[in-house]
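Breakdown of the fold
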Amino acid sequence: TTPTWMASQAKALIVYETPFWREEGLSGFGMSWVGPLQEIHDASLIDGPGALFGFFRLSPGEREALGEGPVKTRVIEQLEKLYGPKANDFLRFHYMDWSTESETATSDDFLPLTAFPAYGPIELGDRLHLIGSETDAQFGGHIEGALRSANRIVQGLV
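Residues numbered from 1 in each chain as written. Predicted model: local features only at pLDDT ≥ 70, side-chain atom pairs only at ≥ 80, totals over all residues. Heavy atoms only, no water.

**What to know about the nonpolar core**
- Ranked by size, the top nonpolar core spans 19 residues in total, and within it I14, Y16, F56 and L79 carry the most contacts.
- Mapped onto this core, the elements with two or more residues apiece are β1 (10–16), α1 (20–23), β3 (37–42), β4 (50–56), α3 (68–83) and β5 (92–97).
- Tallying contributions element by element places α3 first for this core, with five residues.
- Excluding anything up to four places from it in sequence, I14 contacts G50, A51, L52, V75, I76, L79, F90, R92 and F93. (Core = buried A, V, L, I, M, F, W, Y, C linked by side-chain atoms within 4.5 Å. Buried < 20%, exposed > 50% of the residue type's maximum accessible area, 1.4 Å probe, protein only. Helix = DSSP H or I, 4+ residues; strand = E, 2+ residues; numbered from the N terminus. Contact = heavy atoms within 4.5 Å.)

**A few points about the side chain of E39**
- Locating E39 in the fold gives a position in strand β3.
- Nearest to the buried, unbridged E39 among oppositely charged side chains is K11, at 8.6 Å.
- Among the polar contacts made by the side chain of E39, one reaches the side chain of H41 at a distance of 2.7 Å. (Lys, Arg positive; Asp, Glu negative; His and termini not counted. Salt bridge = Lys/Arg side-chain N within 4 Å of Asp/Glu carboxyl O. Polar contact = N/O pair within 3.5 Å; in protein donor to acceptor, adjacent residues only side chain to side chain.)

**Quick look at the packing of aromatic side chains**
- Per the counting criterion, the structure on display carries seven aromatic pairs.
- Ring centres 5.1 Å apart and planes at 80° place the aromatic pair Y16 and F20 in the edge-to-face group. F20 shares its class with Y16; the two are buried. (Phe/Tyr/Trp six-rings, centres within 6.5 Å; stacked < 30°, edge-to-face > 60°.)

**Focus on the sheet that holds β4**
- Pairing in this open sheet of five strands is antiparallel, and the strands run β2-β3-β4-β1-β5 from one edge to the other. Each edge of the sheet is formed by a strand with only one pairing partner; in this case those strands are β2 (30–31) and β5.
- Judged from the two bridges that link them, β2 and β3 form a sheet pairing that is antiparallel. Along β3, the bridge assignment pairs M31 with E39. (Pairing = 2+ DSSP bridges.)

**Structural notes on the pairing of β5**
- Alternating residues of β5 divide into F93, Y95 and D97, all buried, and R92, H94 and M96, none buried.
- The pairing of β1 with β5 spans six bridges and is classified as antiparallel. Its bridge partner lying in β5, A12 is registered against Y95.

Okay, here's the thing in structure tokens:
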């Protein structure tokens, strides 16, 4: 019954034989306000296949209206624009839309977020401290919040 930061989100993970973007001097990190993926990260292992994952900029309604096939096509087209034609030579494409999971998303999760959620530290006694993006008061739900959370706990232990 509680809306959550990520419930209406979707993520794509695209696996490649190698992290070809590195060979071309690219980091694999990208931010976009025009393609289907807003935030893209290199999820490759040090030795092994390459992988890019991203969070969608498209709303749950936009994803539903397009359908899974066209959504995937648009993701690959966006990756080709960012990383070149090799982006079309993927091995696997994984797509997870949490907004379609009734145990994850409620109707309140479909309202657009206008600010970061009001999270804060979670401490259970003196010896157990939870670390994660949802324990940061400024950047809940984002990588920066996770980093700040970890730093807060480490500084408290020193």
